[in-house]
Amino acid sequence: MNAGKTLEFPKGFLWGTATAAHQVEGGNRNNDWWEWEHRRGTIADGTTSESACDQYNRYNEDFDLVKGFGHNAHRLSLEWSRIEPKEGVFSSAELAHYRRVLEALHSRGIEPMLTLHHFTNPLWLAKMGGWENPRVVEYFTRYAKVVASELGSLVRFWVTINEPTVYTYMSYIQGVWPPGAKRIRSAAIVMTNLLRAHALAYHVIHEASPGPGCSVGIAKHIRILDPLRPGRVCDRAVARLSDFVFNRWFLDAIETGRLAWPIGMGQKVQLLSATQDFIGLNYYTREMTRFSLSKPQRLFIENLTRPGCATNDLRWEIYPEGFYRALMDLKKYARPIYVTENGCATPDDALRRSYLRDHLVQLHRAISAGADVRGYFHWSLIDNFEWAEGLGRKLGLVAVDYATQARAPRPSAWVYAKIAQGNKLDPAWFE
Ligand code: NOJ
C-alpha cells in the first residue's frame, strides 16, 4: 500500500472541493426540496436547509478559505429555480450573481467546475410532473443554453447532471426525496428523460462555448456492489444486475447512444452517443447485495452494509479499495476522469483524515496503473445540508456554526491543503 512513501500526482492535477447550491446557499425557497423539507417527517434530524451556510451571501469569504488552502479548482452548482423562477422567465439579476461568483473564483486563481442540475428542481417544474414530464428535456436544454451563453466564457468544466441514477433511485424508487414516488415505471421514464436532457445540454454547451478547453460530462456515483454470499449464484446474479443498472447503464448509454435493457430495449437515441468529454466519478462506499424473495418490487435485490465493517456516520462502509476498483473499471471508457466527489460523513476529524489518506493512496495506485485521472474534488468544503439527513451530518473540511455562520477549518483541511499545494501526499502529514 505504499504506506511510507511520498506519492507524487501528475503535473497540472486539479485539487479542490465540491458543493451544491441547495446544500450551501440558503434561502432556496422556490424549489421542490424546500417544499419537501418543510413537510413533517421528511428530514431525519428534523432540520431544514433554511439559511444553510448562507453561501449565497458569503461566497467571497468561502473562496478566501479555498484560496488560503491553495486549491486550484472548485466544483459548485447553479440553482435552476433562481435562474428561471417561472417557466420561461430568466432572471438577469441571478445570472449576474452567478457571474460574480464565478469571477470571484477566477480572481483567486481557482478553476470552476460548474454543475447545472444537483438534485433540486424549480417548483414550477415539479408542479408540472418534474422529470416524468417529457417536456423537461426541452426545459432543461433551454436552461442549459441560457446559462452557457451567459456564463460560458467563465467555465471550462461542465457537469450537466449530478448523480442521475441516485436521483432517480431516491426520488422514484425509495421515495425518500421529492416527489416521494415509489414506482419503477416512473423511474425508467425519469432515467430516460435525464439521459435525453443530458445529451441535448451537452450539445448546446459546446455550441455556446466553442473553445477547445470546454469539457462536458456528468458526475456519476459509483457504488461497489458485491454479493453478500459470493458462493450463491442468486446473490452473484443480483449483484451483477444491480451493478449494471446502478453503475454502468447511464455511462454506457451516453457512450453508445443506446438505451440498454432493462430500462430500454436497445433503441438508439438521437444525439446521445459520445456525449461525455470526461467522466466525473463520485465515490464513497460499497454495499453488499443479496437475492431476497421479499423484495419483488425491487427486482428481488436487497442491499445491505457489510456486517461488522467500519462505517461512517451514514452507516456507509469505509472501503478505500473500492475507489481503486471503480477507477480501474472506468478506464475502459478511455476518457479523462475527474473525481467529482469523495468524502466521509463523520464528526470525528481523525476518521476524516484517515479516510482521505487511504482514498488518495488508492487514487494514486489507480493512476500508477494507468487510470487517466486529472483531478480530485473532496466532498465537501464546508458542512452543509445533507438532504434527507439534514444539517447535522458533518462532511466538511471546514465546520460551520449555523447559528453564527462562523467557519472553522478542521485539521483535515490543513492536511488537504498541504496535498493540494505540494501536488503530493506525504504519509508523515497524517501522523
Ligand atoms: C453525493 C451528492 O452529490 C451530494 O449532494 C451529497 O451531499 C454527497 N453525496 C454525500 O452524501
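All of the points below concern the structure found in this document. This one's a predicted model, so the numbers in the text were calculated from it and none came from an experiment.

1. Examining the site of the ligand
Every residue close to the ligand is listed here: Q23, H118, F119, N162, E163, N282, Y284, W316, E341, W379, E386 and W387. With respect to the ligand, the side chain of E386 contributes an N or O atom lying 2.5 Å from an oxygen atom. At 2.9 Å, a side-chain N or O of W387 approaches an oxygen atom of the ligand. Contact with the protein chains removes 96% of the 290 Å² of surface that the ligand exposes when unbound. Because more than half of its atoms lie within 2 Å of the grid, the ligand is assigned to the largest pocket.

2. Here we look at the packing of aromatic side chains
A complete count under the given rule lists 30 aromatic pairs for this structure. Geometrically, the ring pair formed by W124 and Y139 is edge-to-face, given 5.4 Å between the ring centres and 90° between the ring planes. One end of the pair, W124, is in helix α6 (residues 123-127); the other, Y139, is in helix α7 (residues 136-151), with 15 residues separating them in the sequence. Judged by relative accessible area, which is 11%, W124 ranks as buried. Summarising the aromatic geometry, the rings of Y284 and W316 are spaced 5.4 Å apart at their centres and angled 75° between planes, so their arrangement reads as edge-to-face. With Y284 in strand β9 (residues 279-291) and W316 in the loop between β10 (301-304) and α11 (320-330), this residue pair connects regions lying 32 residues apart in the sequence. Given a relative accessible area of 6%, Y284 falls into the buried group.

3. Notes on empty space enclosed by the protein
Empty space among the atoms can be located by rolling a probe the size of a water molecule over them. Under the criterion given, the structure shown has one cavity of 30 Å³ or more. The calculated volume of the largest cavity comes to roughly 90 Å³. In terms of lining, the largest cavity is formed by 14 residues, of which the most central are E25, Q55, L76, Y98 and V101. Elements that contribute at least two residues to the lining of the largest cavity include exactly α1 (21-24), α3 (55-69), β3 (73-77) and α5 (92-107).

4. What to know about the environment of Q405
Among the structural elements, Q405 can be located in the loop between β13 (398-401) and β14 (406-409). The exposure class assigned to Q405 is buried, which follows from its relative accessible area of 7%. Between the C-alpha atom of Q405 and that of L125, which follows or precedes it by 280 residues, the distance is 31 Å. Once residues lying within four places of it in the same chain are set aside, the contact partners of Q405 are S51, A52, C53, D54, R58, E61 and V400. Here A52 takes part through its backbone oxygen, which lies 2.9 Å from a polar atom of the side chain of Q405. Engagement of the side chain of Q405 in a polar contact is seen with the side chain of R407, the distance being 2.9 Å.

5. Looking at the layout of surface pockets
Of the volumes computed, that of the largest pocket is approximately 1,400 Å³. Along its surface, the largest pocket is lined by 50 residues, and V166, Y169, M170, Q174 and F246 are the ones closest to its centre. Sorting the residues of the lining of the largest pocket by element identifies α8 (164-172), α9 (184-208), β6 (215-227), α10 (233-256), β9 and β10 as the ones contributing at least two each. Looking at the lining of the largest pocket residue by residue, the classes come out as 26 nonpolar, 12 polar and 12 charged. Roughly 260 Å³ of internal volume is contained in the second largest pocket. For the second largest pocket, the lining is made up of 18 residues, of which I224, D243, R248, R325 and D329 are closest to its centre. When contributions to the lining of the second largest pocket are tallied by element, the ones reaching two or more residues are β6, α10 and α11. Per-element accounting of the lining of the second largest pocket gives the leading share, seven residues, to α10. In the lining of the second largest pocket, the residues fall into nine nonpolar, one polar and eight charged.

Cut-offs applied
- Note that residues are indexed from 1 along each chain, following the sequence as it is written.
- For a predicted model such as this one, the threshold for reporting local features is a pLDDT of at least 70, and the threshold for listing and counting side-chain atom pairs is 80 or more; totals across whole chains, interfaces and linings nevertheless cover every residue.
- Water and hydrogen atoms play no part in the side-chain values, which are based on all heavy atoms of the structure.
- Whether a residue is near a molecule or strand depends on its heavy atoms: it is near if one of them lies within 4 Å of it.
- In the analysis that follows, any N or O atom pair within 3.5 Å is treated as a polar contact, provided that within protein one partner can donate a hydrogen and the other can accept it, and provided that, for residues neighboring in sequence, both atoms belong to side chains.
- The accessible surface values rely on the Shrake-Rupley method and a 1.4 Å probe; as for residues, cover is taken only from the protein chains in view.
- In this analysis a 1.4 Å probe is tested at points of a 1 Å grid over the protein atoms alone, and where it fits but cannot get out there is a cavity; an open set with protein on both sides within 12 Å along at least five of seven lines is a pocket; lining residues have an atom within 4 Å of a point.
- The way we define it, a molecule is inside a pocket or cavity when more than half of its atoms are within 2 Å of that pocket's grid points.
- Any Phe, Tyr or Trp ring, taking Trp's six-membered ring, that has another such ring centre within 6.5 Å forms a pair; planes under 30 degrees apart are called stacked, those over 60 apart edge-to-face, and the others tilted.
- Secondary structure is summarised from DSSP: a helix means a run of H or I of at least four residues, a strand means a run of E of at least two, and numbering begins at the N terminus for each.
- Only protein chains enter the accessibility calculation, which uses a 1.4 Å probe. A residue is then buried if its area is under 20% of the maximum for its type, exposed if over 50%, and partly exposed in between.
- Grid points are joined across faces, edges and corners, and a volume is the space filled by probe spheres set on the points.
- Any two residues whose heavy atoms approach within 4.5 Å at even a single point are treated as in contact.
- Three classes are used: nonpolar for Ala, Val, Leu, Ile, Met, Phe, Trp, Tyr, Cys and Pro, charged for Asp, Glu, Lys and Arg, and polar for all others, with Gly counted as polar.

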